[in-house]
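# Remarks on the overall topology
Chain by chain, the residues:
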4 protein chains.
Amino acid sequence: MEIKAFKILTKSPSDLSGLIELVDSGKINPAEVICIIGKTEGNGGRNDFTRDLAMLAFEDYFSSMLRISRADVTDKIIFSLSGGCEGVVSPHIVVYTKSGTSKNIPAVEKRLALGIGFTREFKPEEIGRMPQIEETARVIKEIVDQLQIDSPKDVHLIQMKGAIPSFTYEEGEQAQKANKPMRSDMVYSRGASALAAAVATGEIEIESLSDDLVCIDYDKYSSTASCSAKPGLKRTEIMVLGNSSYWDGDLKINSNILNDMLDIESIQKVLEGLGFKLSNGHLKEEDLSKLIGVYAKSEADPRGMVRGKRHTMLQDDDISDTRYSRCVLSSVLAAITGDTAVYVSTRSEHHGPQGGGTLSIIARV
Amino acid sequence: MEIKAFKILTKSPSDLSGLIELVDSGKINPAEVICIIGKTEGNGGRNDFTRDLAMLAFEDYFSSMLRISRADVTDKIIFSLSGGCEGVVSPHIVVYTKSGTSKNIPAVEKRLALGIGFTREFKPEEIGRMPQIEETARVIKEIVDQLQIDSPKDVHLIQMKGAIPSFTYEEGEQAQKANKPMRSDMVYSRGASALAAAVATGEIEIESLSDDLVCIDYDKYSSTASCSAKPGLKRTEIMVLGNSSYWDGDLKINSNILNDMLDIESIQKVLEGLGFKLSNGHLKEEDLSKLIGVYAKSEADPRGMVRGKRHTMLQDDDISDTRYSRCVLSSVLAAITGDTAVYVSTRSEHHGPQGGGTLSIIARV
Amino acid sequence: MEIKAFKILTKSPSDLSGLIELVDSGKINPAEVICIIGKTEGNGGRNDFTRDLAMLAFEDYFSSMLRISRADVTDKIIFSLSGGCEGVVSPHIVVYTKSGTSKNIPAVEKRLALGIGFTREFKPEEIGRMPQIEETARVIKEIVDQLQIDSPKDVHLIQMKGAIPSFTYEEGEQAQKANKPMRSDMVYSRGASALAAAVATGEIEIESLSDDLVCIDYDKYSSTASCSAKPGLKRTEIMVLGNSSYWDGDLKINSNILNDMLDIESIQKVLEGLGFKLSNGHLKEEDLSKLIGVYAKSEADPRGMVRGKRHTMLQDDDISDTRYSRCVLSSVLAAITGDTAVYVSTRSEHHGPQGGGTLSIIARV
Amino acid sequence: MEIKAFKILTKSPSDLSGLIELVDSGKINPAEVICIIGKTEGNGGRNDFTRDLAMLAFEDYFSSMLRISRADVTDKIIFSLSGGCEGVVSPHIVVYTKSGTSKNIPAVEKRLALGIGFTREFKPEEIGRMPQIEETARVIKEIVDQLQIDSPKDVHLIQMKGAIPSFTYEEGEQAQKANKPMRSDMVYSRGASALAAAVATGEIEIESLSDDLVCIDYDKYSSTASCSAKPGLKRTEIMVLGNSSYWDGDLKINSNILNDMLDIESIQKVLEGLGFKLSNGHLKEEDLSKLIGVYAKSEADPRGMVRGKRHTMLQDDDISDTRYSRCVLSSVLAAITGDTAVYVSTRSEHHGPQGGGTLSIIARV
């Protein structure tokens, strides 16, 4: 089994020309595509339709190429499209394919393993509470097992698009009056997904959690989660990426927490862990082509300070802190790697320490 | 003669508490204050009233402390307040004082010299054209001479707030019909100021310039300018900072062009030129207190590309490219220096190469 | 006793030139100024510094004219400056003065009466809960009594700037863990102020209220409140305006609820109640000079519908619904009155029915 | 020949459920659809992808229903999708179908006639100059002739999506140096399209125009144009709507210029001209179902004043004047008609007098 990855710059959210070229030239077999992770140039918020636009184009293409229905496309391939290309970020996708057959004898060198799965459908009242966490952790563990990953330490990225089942205004009022207000929103869905990742990888004991701690006790966090959430989505879509001695290919993944949005030492460590020799603290230009995917979570520190000094991201009513923090971390990642096709998603409830986040990098070795 | 500098974090644009404390404790003599450079938390655009708010507070305070009129305050002290604290940027001011007497015998070590001046008042039709460039260059040269700076290479920052004299809608229409459209706007005023800086320091021959090249021929640029422009301002306010063997104190300044917004090698060189030993490519935490002022100009590359990849800053109608590019460069500067109290002003017409800018850093040696 | 009113257009938030002219020409006696209500051109949000800028200018001016301290200025005069001049709204202030002596025999015609007052300082945990409501209602009643207003029906505007005492991040976490989360924010402070107005004028029985109903049970509302709230303000500032037979002058006030942001019939009724004869449903141009103050509260209907059709104001992450709803209602008011110097404040929790608001108009009779 | 119209509210830019229902129930014959005009909930700017999203969905649907290629869909049906549902505006489409056969004997009553056409492809240097105006006017006249409209006064709406052919950064620089700067942008393309409409309907003599007057001499304008422009579009797409005695059905159209964004008298006249009896100056609720399409152009008055008072729309760097002016005019139209499914497009260069616009309403008689 082998994961291959293809980084493609896009000219607009629905631009498939780069993908089509690789398929037409035989470099990508559409039947082997297992997931596509990318950044589109919307605001990353509730009225960001760039992801829908990209999805319409992808579903149309794969439905036609694979001769399956559109619904089957999204069952077969996980799309993790994140809006928000603030600052220097270049809209792009990375297409991951899975090919080959599984092997019985482990190799000396571990290679990138990637598996996908789905939770059951959630009810709106389950989101941001223990039922979401338990079910999500269960599915993650299942995927990890399938990947034949030796140790939780070899899991380096748990990418999720969390469920946010819809509810009516009246149901919302009802829940609030019942003193169990709906949490079916982006904040709680992301937070619970991240806690589930921490549970699945053994960073947190499930027994130490309760409804009351979700999005409250930020000392509990995952080091490998990267969760978004999508209004209207009923089940959570999950990808697990790690290194396994049962997988082939030339890709590896490494990760670390970010202590804050300026944590270049952590970025450097993740790169060095992949075998890169840095020059003046940054990736050498000659190594740029080996860099496949840079995935990070960002957050405007809710305590209002970065490195001991006040920031203003959370008092700004013109520009969302989500756009600022993505811009900040993307800029730092782009400066250190030399690559502007980085994927930063925000916010980072229970992703690394408060004001920080998580970082995973995939590279060719 | 000696320049002292005091970096003060502010709680709001009109927060003078830090300044007042330093004055009350005798550390700052208000009569010695020569200029105040700072960032306020507005949008940096036409409806940014945070600078006006800060100015009202400063004028009020110095007028009362120095027993002079408000108009005299702005004649005596140059205020360079720049709006826009995007991302991690921490609102702050740096107060510069000048004290002591001039000396006749040069020292071995050069130290920070700072002088200020004003152009004559401009007519709106002069802005963005040769008359603005010539008059501005003349005043800069005059200040440089007064500072006893040996060589143009010792000039490291020419900070200007450029004139944008007002004109009526009808005058604007008239000028457009006369095929000499008004250029009295931020873009042209900044561009002409920067070209004037390049002329004054010998980077460009005045003969090589003409009205037609302003904001067109971006191969001509200054390496040390940092120009903003203020609607309604009739004359350009100028500060020149360099190193001189006739000045005392413990401050030095260094500068470099930025080739793009991610140019960390240039940032590293400016820091190393000030004597800092970097660790993993960034300033050591123990050296942070020696860092006084970080002044840079940013720009969303008008060619639409950064490091060969598309950026979307110039097609975004929700957030201005000015805010994005300040956020990008500030983030990179904050990551390398560890300081979020950095001063980035945008855009950078004729400031360094296109898509790049200028960077000047003042530090304690 | 007589209230006079002066509507003054401003050129910027700190532009006092119109006020100074009226004072210098003897038309306004600064010692008689009792309140100033105006719109400044900020975003009306947390980082709107235009109100601070205006306040600094006003405090400076009145402190100097009345030879009292700045703190005494804000004790003597209530300033209700609201940010947000969206769309056609023209930045302006209306200066209200009180002069003459009280009379014992009521006149046949009632005239505008205006009184001001302050609550005690609130603790952050009181905001949005019964203590805020009770204390605020108490002070409103006191003012109404002082104004010698015959009936609660003669009260037409209860303008308040509500307290939002600050609390630390840790205090906030503490309160959340104690299951009594802090409500010291704009939403709850405005909501509780409006409920207090309804209690004071007898629209709601205090017994029918409880902490749990604040910002939940929107069937309970005031018909005359216009409440904003200001972070950091410790006490609520209150103005009550009504018609009284014990007051002289040529001003009257009238009010009505708005059923939604497009409720022109309600606007027409308020105008007609002041004696205006409308032409084609709008104010005649010749009557424009009699229009003094138009005060309204707006709200993007939280149910997501206006007149049975979906609106998108609450799903827009680029522009706040507060800016949209102010723009909508201001436009409608400006179209019907022909005046763009209208004062619309948002949001309208417990101000008129949900999705609606309140409207009060002061005119010369 | 008969035009039928179907107003359909949409739940998202790609929501075709309402259309599909009408097709499936036999009310709309997809083969008869001639144009679709609608508002989508983007920002209406350069990074508004909601139109692309809607287009992808429409092309997909009609391509499948009509068994023609996607390119043929856009040749057969004109789509005029305008982004920007500010304030109360409800996203919607109006589907127009053409059916029946042409008749030789004119009826007494004129009915809505609708024709479409395309200009040739333009070169970027032609945009905003005479070649664009001449070619566009030529095509409009051709369509008017085909519609058998008696008099230019019977033309009430010339809806266009103007070409903005792309050019490279270098081509742009080249053109600027050659003193004939590129005008291939939204402003000039809209302006030239509107002038072409005025030429085609005889409001302006072609001889009175020249390159120099485009977007300068705003006293020259069309009373019936409604032009947008789309970056990358090579030819201008044109719809002409008027009343003709050779057409059947129950629809009529009427129009008027708007003198400013608050011109309710003009709105009332257009409604009354369609036979509506207004109540208190607004459309009666019982007549709402007869209202089909409300099409208007808005503009933040470039002179900075509305009704003699300053507005701030053009100095706001947080929110575009395009969004403000659409919000203002939409609110006024919604208040007078009671319908929030209105179509306002901005800006209005050469559309009605400066600071004003055009208004066309289609109703069932």
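No experiment lies behind these values; they were computed from the predicted model shown.

Thresholds applied
Sequence positions are assigned chain by chain, starting from 1 and proceeding in written order. Working convention: letters from A go to chains and numbers from 1 go to ligands, in the order in which they are written. Local features are withheld for residues below a pLDDT of 70 in this predicted model, meaning they are given only at 70 or higher, and side-chain atom pairs are given and counted only at 80 or more; totals for whole chains, interfaces and linings count all residues. Side-chain metrics rest on all non-hydrogen atoms present in the structure, leaving aside hydrogens and water. Strands are runs of DSSP state E lasting at least two residues, helices are runs of H or I lasting at least four, and both sets are numbered from the N terminus onward. Throughout, radius of gyration means the C-alpha value; the globule benchmark is 2.2 Å times the number of residues raised to the power 0.38. Residue contacts are defined here by distance: any two heavy atoms, one from each residue, within 4.5 Å place the two residues in contact. Residues reaching a pLDDT of at least 70 in both copies supply the C-alpha atoms on which the copies are superposed by least squares. Note on definitions: buried area is the accessible-area loss of two parts on being combined, 1.4 Å probe, summed for both. Put simply, a salt bridge is a Lys or Arg side-chain nitrogen that is within 4 Å of an Asp or Glu carboxyl oxygen. Within 3.5 Å is the distance limit for a polar contact, defined as a pair of N or O atoms, with the added protein rule that one can donate a hydrogen and the other accept it, and that residues adjacent in sequence qualify only through two side-chain atoms. A pair of strands is treated as paired once DSSP finds two or more bridges between them. Every axis in this analysis is a line fitted to C-alpha atoms, fitted for helices over the stretch in contact. Angles between the N-to-C directions lie between 0 and 180 degrees. Bear in mind that the domain bounds are from an automatic or database domain assignment. Working definition: with a 1.4 Å probe on protein chains only, accessible area under 20% of the residue-type maximum means buried, over 50% means exposed, and in between means partly exposed. Pairing of aromatic rings covers Phe, Tyr and the six-membered ring of Trp, with a centre-to-centre limit of 6.5 Å; geometry is then stacked below 30 degrees between planes, edge-to-face above 60, and tilted otherwise.

We now examine the overall build of chain A. Looking only at helices and strands, chain A features 8 helices and 14 strands. Relative to its length of 365 residues, chain A is compact, with a C-alpha radius of gyration of 19 Å against a globular reference of 21 Å. For chain A, the C-alpha atoms occupy an extent of roughly 60 × 50 × 40 Å along the three principal directions. Excluding contacts between residues fewer than 6 apart, the proportion of contacts in chain A whose partners are at least 24 apart in sequence is 81%.

You can overlay chain D on chain A at an RMSD of 0.0 Å; the transform is a turn of 180 degrees with a shift of 0.0 Å along its axis. On this basis, the relationship between the two copies can be described by a two-fold rotation axis. In terms of C-alpha distance to the rotation axis, chain D has Leu53(D) as its closest residue, with the C-alpha 2.5 Å off the axis. Comparing interface residues between copies, 100% of those in chain D also lie at the interface in chain A; the contact surface is shared.

With that settled, the discussion passes to the interface of chain A and chain B. Between chain A and chain B, the contact holds 43 residues from the first and 43 residues from the second. For the pair chain A and chain B, the summed buried area comes to about 3,400 Å², and 58% of that belongs to carbon and sulfur atoms. For chain A, the biggest contributors to the area lost against chain B are Val88(A), Lys309(A) and Arg310(A); these three give 19% of the whole. Summed over the shared surface of chain A and chain B, the result is 6 salt bridges. For Glu41(B), the salt bridge identified is with Arg310(A), shortest N-O distance 3.0 Å. Along the contact surface separating chain A from chain B lie 20 residue pairs in polar contact (both at pLDDT 80 or more).

On to the sheet that holds strand β14 (residues 357-364) of chain D, then. Residue and element names in this part refer to chain D. Read from one edge of the open sheet, 4 strands run β9-β14-β10-β13, paired in mixed fashion. This sheet does not close on itself; its edge strands, each paired only once, are β9 (251-258) and β13 (343-346). When the angles between neighbouring strand axes are averaged without regard to direction, this sheet yields 15 degrees. Two elements, β9 and β14, share 8 bridges in a ladder whose sense is antiparallel. In the strand pairing of β14, Ile 253 is matched with Ile 362. Its contacts with the sheet place helix α7 (residues 264-273) against β9, β10 (291-298) and β14, and it is angled at close to 160 degrees to β9.

Along the chain, Asp318(D) turns up in the loop between β12 (309-310) and α8 (321-337). Along the sequence, Asp318(D) and Ala54(D) sit 264 residues apart, while their C-alpha atoms lie 27 Å from each other. There is a polar contact of 3.0 Å between the side chain of Asp318(D) and the side chain of Asn43(B).

We now examine the relation of the copies chain A and chain B. Of the two same-sequence chains, chain A is brought onto chain B (RMSD 0.0 Å, axial shift 0.0 Å) by a rotation of 180 degrees. Both copies contact each other with a shared surface, as 100% of the interface residues of chain A are interface residues in chain B too.

So, on to the domain arrangement of chain A. Accessible area lost when the parts come together is the quantity often used to give the size of an interface. Residues and elements named next belong to chain A. Segmentation of chain A into domains returns domain 1 (2-99), domain 2 (111-241) and domain 3 (255-364). Relative placement of domain 2 and domain 3: their C-alpha centres are 22 Å apart. The partner domain 3 presents 18 residues to the 25 residues of domain 2 that form the contact. Roughly 1,600 Å² is buried in total at the junction of domain 2 and domain 3, and carbon and sulfur atoms are behind 54% of that figure. The largest share of the area that domain 2 buries against domain 3 comes from Arg 190, Tyr 218 and Tyr 221, three residues that together contribute 33% of it. The interface formed by domain 2 and domain 3 holds 1 salt bridge in total. When the shortest N-O distance is used, the salt bridge between Glu 349 and Arg 190 registers 2.9 Å. Elements that contribute at least two residues to the side of domain 2 that touches domain 3 include exactly β6 (155-164), α6 (186-200) and β7 (225-231). By residue number, the principal contributor to the side of domain 2 that touches domain 3 is α6, which donates 5 residues.

Right, let's get into the interface of chain D and chain A. Contacts between the two partners involve 12 residues from chain D, matched on the other side by 12 residues from chain A. Three residues stand out in chain D for area buried against chain A, namely Phe49(D), Leu53(D) and Leu56(D), and they jointly supply 54% of the buried area on that side. The interface formed by chain D and chain A includes 2 salt bridges. Arg70(A) is the partner of Asp60(D) in a salt bridge, and the nearest nitrogen-oxygen pair spans 3.2 Å. For the pair chain D and chain A, the interface holds 2 residue pairs in polar contact (both at pLDDT 80 or more).

What follows covers helix α7 (residues 264-273) of chain A. Taken together, the buried positions of α7(A) are occupied by Ile264(A), Ser266(A), Ile267(A), Gln268(A), Val270(A) and Leu271(A). Looking at the buried residues of α7(A), the elements they touch are β9 (251-258), β10 (291-298), α8 (321-337) and β14 (357-364) of chain A together with α8 (321-337) of chain B. Remark: Gly275(A) follows α7(A) within two positions and exhibits a positive phi of approximately 100 degrees.

Counted under the stated rule, the structure contains 112 salt bridges over all chains. Of the charged contacts, one joins Asp150(A) and Lys110(A) as a salt bridge, the two residues approaching to 3.6 Å between their closest N and O atoms. Taken as a pair, Asp150(A) in the loop between α4 (130-146) and β6 and Lys110(A) in the loop between β4 (92-99) and β5 (111-118) lie far apart in primary sequence, 40 residues in all. Several salt bridges share partner residues, and in doing so they unite Glu59(A), Asp60(A), Arg70(A), Glu59(D), Asp60(D) and Arg70(D) into one network.

On to the packing of aromatic side chains. Under the counting rule described, the total for this entry stands at 16 aromatic pairs over all chains. Aromatic pair Tyr295(D) and Tyr343(D): ring centres 5.3 Å apart, planes at 65 degrees, arrangement edge-to-face. Here the residue Tyr295(D) occupies a position in strand β10, and Tyr343(D) occupies one in strand β13, the gap between them amounting to 48 residues. Given the relative accessible area of 2%, Tyr343(D) is considered buried. Members of the aromatic cluster, connected to one another through ring pairs, are Phe58(A), Tyr61(A), Phe62(A) and Phe79(A).

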